[in-house]
Amino acid sequence: MQTLRASKCGLSTAQLPAYILDVIDALTKAGYEAYIVGGGVRDLMLGQNPKDFDAVTNATPAQVKEVFGRRCRIIGRRFELAHVYSGRELVEVATFRAPPKKEVTSSAGMILRDNNWGTIEQDFVRRDFSINTLYYQPRKGIVLDFCNAVDDVYSKTLRLLGDPQTRFEEDPVRMLRALRFSAKLNFNIDQRILDIFTPELTTLLRDVSPHRLYDESQKLFTCGHLNRVLPMLNEFNIWKQLFAEVPPNITSFIERAARNTDQRISIGKTINPAFFYAVLLWETFLERCEYYLSRGIVPAEARAQAGLDVLKKQGTRTIIPRFAETFIREVWEMQTRLLNPKPQQIQALSAHARFRAGFDFLLLREKSGDAGTQGMGAWWDAYQVMSNDERERAISQYNRQRARSRRKASQDEPNLKQTHQQVEIEPLVNEPEHKSRRVRKAKYEAEERAVIASVNNPDGIGADHPILKRKRVKRDLSQVTFGPTQ
Ligand code: ATP
Ligand code: MG
């Protein structure tokens, strides 16, 4: 172990926000050791802006709670941590960890519980990459380096502590972290890692909880170098583990969206990681829509069911939270609305909560060469910067064009209406009310099973598929006022 002067590593307290110093000082005052560790130290040394600062201490989570009282919450089961609120910021305070006990690892070597407190030396050993193991005590102005990590930082090398195979088996998420850090920091991955980073090893990711994988996928999407990460996900076979239903080719739409995400991050704009999920799953969604349409399901119903199916299937890999699912489905639904808006709805559409995301999505599609947008991306783009008079003119021109193309379509295919067969589905409204909750629950579960069965068997909708039990509600859609998509 070497103790380095912080100033020699280019570190000074002036670079640190007050909230992290506050946490370090409070722990020190209470008689505990406290360091800043991980990405905060690494990024400062590289002259980058750290995403966050993590603290580590010899105080147990319960003792951290005693120090910070109501400002502290203990979280996590597999990996217990204290979350300390300092002002408006949140600092993760971890306790030094000893190696996990044998009985809490799975047969594949995965660590199931990691709450065995230890010394700083033991804590160092169980961290992942050498560059993440620098312990910085800002008040003492020192950095503890247990493995010449400083050299790896300066030579831009991503090196795992210990045997790479074992470290990936212990926690397969480290494979994703390796790609993320390599892309974000533009570091070379150590040859010892590359040697064992086989497609077979990536199948271990199937044992990781889909909740954790969703979190990690978000970190990948927001690392600021998504465009660099995506080909790596493909190259290392991780794409297949994360997005089973998405063909592993980076379409120009996906590439453009990734570049756009990176640009937004670089200029400090917020991004919603669910947006990128909407992009990734878009083609799969369209295929699923086609599947229902080809079986005579009405378009709105087909889109709704396709959205549910695609997200449900993706949830077997990365569980997308409900609010993000709703966002994704609304962005997709917006595509239909923005493509063919009723003239009287244009104004309301442009004020809709999901307009911005839906429009960005449409424009990205258009700019990446998707002819299906029929130039409406550019139309909405122009519409937003028009004066009220110009908008009125644009809408009436749009209206005339719309009428013309409708006339043309009906001349070309005069019998379309008569020949277009649609499956009659029972009306939802006439469904008998079930009195007991138990019956309702059983029915709901049966529907769920039928949906999952049909998702797993894309060749056929079984007779008991809920979509076939519904009947189209006959509504005059021109009378429906525009509201939030559900
Ligand atoms: P960033 O916050 O910029 O994404 P980071 O290195 O700080 O990068 P965190 O997820 O915040 O990453 O974790 C903080 C530190 O905890 C890491 O630097 C590393 O030392 C340790 N760590 C995190 N996840 C793991 C893991 N899966 N295995 C081993 N150590 C880990
Ligand atoms: Mg961090």
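The structure displayed is predicted, hence computed values, not measured ones.

Here is what the cut-offs are and how they apply
Residues numbered from 1 in each chain as written. Chains lettered and ligands numbered in written order. Predicted model: local features only at pLDDT ≥ 70, side-chain atom pairs only at ≥ 80, totals over all residues. Heavy atoms only, no water. Helix = DSSP H or I, 4+ residues; strand = E, 2+ residues; numbered from the N terminus. Polar contact = N/O pair within 3.5 Å; in protein donor to acceptor, adjacent residues only side chain to side chain. Contact = heavy atoms within 4.5 Å. Near = heavy atom within 4 Å. Areas by Shrake-Rupley, 256 points an atom, 1.4 Å probe, with all protein chains shown as cover. 1 Å grid on protein atoms, 1.4 Å probe; cavity = no way out; pocket = protein on both sides within 12 Å on 5 of 7 lines; lining within 4 Å. Sits in = over half its atoms within 2 Å of the grid points. Salt bridge = Lys/Arg side-chain N within 4 Å of Asp/Glu carboxyl O. pLDDT = per-residue confidence, 0-100. Axes fitted to C-alpha atoms, helices over the stretch in contact; angles between N-to-C directions. Parallel < 35°, antiparallel > 145°, perpendicular 65-115°, else oblique. Left-handed = near helix turned anticlockwise from the far one by under 90°. Nonpolar A, V, L, I, M, F, W, Y, C, P; charged D, E, K, R; others polar. Buried < 20%, exposed > 50% of the residue type's maximum accessible area, 1.4 Å probe, protein only. Phe/Tyr/Trp six-rings, centres within 6.5 Å; stacked < 30°, edge-to-face > 60°. Lys NZ or Arg CZ within 6 Å of the ring centre and 35° of its normal. Pairing = 2+ DSSP bridges. Points joined across faces, edges and corners; volume = space filled by probe spheres on them. Core = buried A, V, L, I, M, F, W, Y, C linked by side-chain atoms within 4.5 Å. Domains from an automatic or database assignment.

Focus on the side chain of Asp-123
Locating Asp-123 in the fold gives a position in helix H4 (residues 120-125). Among the polar contacts listed, one links the side chain of Asp-123 to the backbone nitrogen of Arg-97, at a separation of 2.9 Å. Residues within four places of Asp-123 in sequence aside, it is in contact with Val-56, Thr-95, Phe-96, Arg-97 and Tyr-135.

Overview of the site of ligand 1
The full set close to ligand 1 counts 17 residues, and Gly-39, Lys-51, Asp-171, Arg-174 and Arg-180 are the nearest of them. Between ligand 1 and Gly-39 there is a distance of 2.9 Å, counted from an oxygen atom to a backbone nitrogen or oxygen. Between Lys-184 and ligand 1, the recorded distance is 3.3 Å, taken from a side-chain N or O atom to an oxygen atom. Across the complex, the protein chains shield 88% of the 580 Å² of accessible surface that ligand 1 would expose by itself. In this structure the site holding ligand 1 corresponds to the second largest pocket.

A short note on the pattern of salt bridges
Considering all chains together, one arrives at 22 salt bridges under this definition. Arg-180 is the partner of Glu-216 in a salt bridge, and the nearest nitrogen-oxygen pair spans 3.8 Å. Residue Glu-216 is located in helix H10 (residues 210-221), and its partner Arg-180 is located in helix H7 (residues 173-185); the two are separated by 36 residues in the primary sequence. With its nearest N and O atoms 2.8 Å apart, the salt bridge here joins Asp-309 to Arg-288. Of this pair, Asp-309 sits in helix H16 (residues 299-314) while Arg-288 is found in helix H15 (residues 282-293), placing the two residues 21 residues apart along the sequence.

Re the confidence of the model for the protein chain
For the protein chain, per-residue confidence averages 86 on the pLDDT scale, and 83% of positions sit at 70 or higher. In this model, residues 415-434 is a region of pLDDT below 50 whose contacts with residues beyond four sequence positions or in other chains number 28 contacts. Per-residue pLDDT stays below 50 along residues 471-475; that stretch engages in 12 contacts with residues further than four places along the chain or on separate chains.

Describing the packing of helix H14 (residues 273-280) against helix H17 (residues 322-339)
Viewed as axis vectors pointing N to C, H14 and H17 meet at an angle of 50 degrees, and their least axial separation amounts to 9 Å. By the angle class used here, H14 and H17 are oblique. By crossing handedness, the relation of H14 to H17 is classed as right-handed. Counting all contacts with H14, which are made through Ala-274, Phe-275, Tyr-277 and Ala-278, the residues of H17 involved are Ala-324, Phe-327, Ile-328, Val-331 and Trp-332. Its residues placed into classes, the contact of H14 with H17 shows 9 nonpolar, no polar and no charged.

Re the environment of Thr-166
Its location among the elements puts Thr-166 in helix H6 (residues 164-170). For Thr-166, a relative accessible area of 36% gives the class partly exposed. In sequence terms Thr-166 and Gly-109 are 57 residues apart; their C-alpha atoms lie 7.7 Å from each other. There is a polar contact of 2.5 Å between the side chain of Thr-166 and the side chain of Asp-163.

So, the packing of aromatic side chains
For the structure on display, the rule yields 25 aromatic pairs. Relative to Phe-181, the ring of Phe-129 lies with its centre 5.9 Å away and its plane at 80 degrees, an arrangement referred to as edge-to-face. Placement of the pair is Phe-129 in the loop between H4 and strand S7 (135-137) and Phe-181 in helix H7, with a sequence separation of 52 residues. Of the two residues, Phe-129 and Phe-181, neither departs from the other in class, the shared state being buried. Taken together through their ring pairs, the aromatic side chains of Tyr-214, Phe-221, Trp-239, Phe-243, Phe-276 and Tyr-277 make up a single cluster. Above the face of the Phe-79 ring, Arg-97 is positioned so that its terminal group lies 3.7 Å from the ring centre. Across the ring face of Phe-181, the terminal group of Arg-180 is positioned such that the distance to the ring centre comes to 5.0 Å.

Here's the deal with the pairing of strand S5 (residues 81-86)
Regular strands have side chains that alternate between both faces of the sheet. With respect to burial, S5 is a largely interior element, 5 of its 6 residues being buried. In this structure, strand S4 (residues 72-75) lies alongside S5, joined through 4 bridges in antiparallel fashion. Considered in S5, the bridge of Arg-73 is made with His-83. Here S4 folds back onto S5, and the loop between the two strands holds 5 residues, one of which, Gly-76, carries a positive phi near 85 degrees. Of the strand pairs in this sheet, S5 and strand S6 (residues 89-95) are connected by 5 bridges, and their pairing is antiparallel.

With respect to the layout of surface pockets
Empty space within the second largest pocket amounts to approximately 1,800 Å³. Around the second largest pocket sit 50 residues that line it, and Asp-54, Glu-92, Arg-177, Glu-216 and Lys-219 are the ones nearest its centre. For the lining of the second largest pocket, the elements supplying multiple residues, two or more each, are helix H2 (39-45), strand S3 (54-57), S5, S6, H7 and H10. No other element matches H10, which puts 6 residues into the lining of the second largest pocket. Residue classes in the lining of the second largest pocket are distributed as 16 nonpolar, 11 polar and 23 charged.

Some details on the nonpolar core
Tyr-135, Ile-238, Phe-276 and Trp-332 are the most contacted members of the largest nonpolar core, which has 114 residues in total. Looking at which element gives the most residues to this core, the answer is H7, with 8 residues. When residues of this core are assigned to domains, at least three fall in each of domain 1 (1-160) and domain 2 (230-407). Leaving out residues up to four positions away in the same chain, Phe-276 has contacts with Phe-221, Leu-226, Leu-230, Ile-254, Ala-257, Ala-258 and Thr-261.

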